Amino acid sequence: MKERFLVTGGARLQGSVRVDGAKNSVLKLMAAALLAEGTTTLNNCPEILDVPLMKDVLEGLGCTVAIDGQTVTIDTPAELSSHADFDAVRQFRASVCVLGPLTARCGEAIVALPGGDAIGSRPLDMHQSGLEKLGATTHIEHGAVVARAEKLVGADIKLDFPSVGATENILTAAVMAEGSTTLDNAAREPEIIDLCNMLNSMGAKISGAGTSTLVIEGVDHLEPTTHTVVGDRIVAGTWAYAAAVTQGDIVVGGIQPRYLHLALEKLKSAGAEVETYDLGFRVRMDHRPRAVDYQTLPFPGFPTDLQPMAIGISAIANGTSVITENVFESRFRFVDEMLRLGADANVDGHHVVIHGKEQLSSTDVWASDIRAGAGLVLAGLVSDGVTTVHDVHHIDRGYPHFVEKLNSLGAAVERVQE
Ligand code: UD1
């Protein structure tokens, strides 16, 4: 059943909220459980739609998976199927992260090409060439990526771009390769650090997590583990921008503020007061935000997943902002929905120029991906009247209990059936 959110504009969000584990980590950690026979336990898992979808993928491969609130338990058998079929993986992009673990465990992986967000073409060339450097053959056949390797052997690999997904698949294949692998220009995202920490607790030998060079000494065997998922910096960043756009005051817990350093610095430039704690931060804004320029880049740059929030704040800021998208080419589709809300924005290639207005004007808008959906909710909070956000199943893929949390901060948002 399709649902929509009715967002009443005008509230000043105030209070405190805690973020759960990161969507972009938990799904990869669930896939990493394929590497060890036995029971892996993950704590602090977010209650989002993608977790049961990943459960289906793993069960299709032979695992038994239980979800109990924020705890996910994965029983991995000695023999796995190497074939992740289309029905299971087509619904979300992160399913491709079973490619590395399956190649390492089974010597073969056949993974249907995933669906996911409509934010760009998202090829797998770097995933494939990385696995090939480790000794696998790969090709695309009947809508699936196929990787085969009699054995994986460590290699020196340099990525053309610090792709998050390619780094993860190469890591999870190289941990059980013979000999040593050096991965240069690796992604440095906190979710990669989280994956390395879990793999090391399983017995892997990875050094350099959080830097551009990962060194992986292959081991024969990994043991299952218990691991707590790192906090979701994108959800935390969404709350930070919600505080700023509504001229509110929100304390966010469950996240290391250094993982959001640039996003919080930008809010300071916009005029917010930001305090940071060991595992949280507070954002206060008591006037209309000033216009700031943004440029999305791989971590530690400004996250592309917060680009809709940057557009949202710019739409009501005092002055003109230029936002440059460097990671996903189609992400500005979201701007069309912002125009419907009355934003004054012009897209030119991978730049958008926005002249801020005092207020947006409510209407019906459609979420095209997770983050665009959350960005539209923020825009609705600063529109006059009631904004209807359709296709909110996208938002439910990434934001646990979003409506309840918004309302606990003083917003008036209602979930209704289409
Ligand atoms: C992950 C996140 C996503 C986030 C993105 C960048 C998950 C499930 N998703 O996506 O939320 O926005 O990181 O921080 O964790 N590319 C290629 N060839 C490849 C691989 C990637 O050209 O083989 C390109 C992509 O099309 C894109 C860019 O590299 O333009 C970045 O992609 P990547 O870092 O791989 O993002 P994902 O892992 O797909």
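In what follows, the structure referred to is the one given above.
Definitions and limits used
Residues numbered from 1 in each chain as written. Predicted model: local features only at pLDDT ≥ 70, side-chain atom pairs only at ≥ 80, totals over all residues. Heavy atoms only, no water. Core = buried A, V, L, I, M, F, W, Y, C linked by side-chain atoms within 4.5 Å. Buried < 20%, exposed > 50% of the residue type's maximum accessible area, 1.4 Å probe, protein only. Contact = heavy atoms within 4.5 Å. Helix = DSSP H or I, 4+ residues; strand = E, 2+ residues; numbered from the N terminus. Pairing = 2+ DSSP bridges. Axes fitted to C-alpha atoms, helices over the stretch in contact; angles between N-to-C directions.

(A) Fine view of the nonpolar core. In this structure, M30 and V98 are the most contacted members of the largest nonpolar core, which totals 73 residues. Beyond its immediate stretch of four places on either side in the chain, V98 contacts A31, L34, M54, V57, L58, L61, A84, V111 and N169. One finds A270, A310, F332 and V413 within the second-largest nonpolar core, a separate group that totals 71 residues.

(B) Structural view of the environment of R282. Counting through the fold element by element, R282 comes out in strand 17 (residues 280-284). Take R282: its relative accessible area is 23%, and that puts it in the partly exposed class. Separated by 43 residues in the primary sequence, R282 and W239 place their C-alpha atoms 9.8 Å from one another. Here R282 is in contact with D249, I250, V251, E273, V274, E275 and Y277, once residues within four sequence places are set aside.

(C) Just the sheet that holds strand 3 (residues 38-43), in detail. Across the sheet, four strands lie side by side as 4-5-3-14; this open sheet has mixed pairing. The two strands at the open ends of the sheet, each matched to only one other strand, are strand 4 (64-68) and strand 14 (226-228). In this sheet, neighbouring strand axes are inclined to one another by 15 degrees on average, regardless of whether the strands run parallel or antiparallel. In the sheet, strand 3 pairs with strand 5 (residues 71-76) via five bridges, with the strands oriented antiparallel. Bridging across to strand 5, L42 finds its partner in V72. Against the sheet, helix 1 (residues 23-32) touches strand 3, strand 4, strand 5 and strand 14, its axis set at about 170 degrees to strand 3.

(D) Local environment of the sheet that holds strand 15 (residues 249-253). Read across the sheet, four strands follow the order 2-15-17-16 without closing on themselves; strand pairing throughout is mixed. In the strand order of this sheet, the two ends are held by strand 2 (14-18) and strand 16 (273-277), each with one partner. Averaged over all adjacent pairs, the angle separating strand axes in this sheet is 10 degrees, with direction ignored. Bridging between strand 2 and strand 15 involves five bridges; their strand directions are parallel. Bridge pairing in strand 15 links R18 to G253. The sheet strands contacting helix 8 (residues 233-245) are strand 2, strand 15 and strand 17, and the helix crosses strand 15 at an angle near 170 degrees. Packing of helix 9 (residues 261-269) onto the sheet brings it into contact with strand 16 and strand 17, and relative to strand 16 it is tilted by some 150 degrees.

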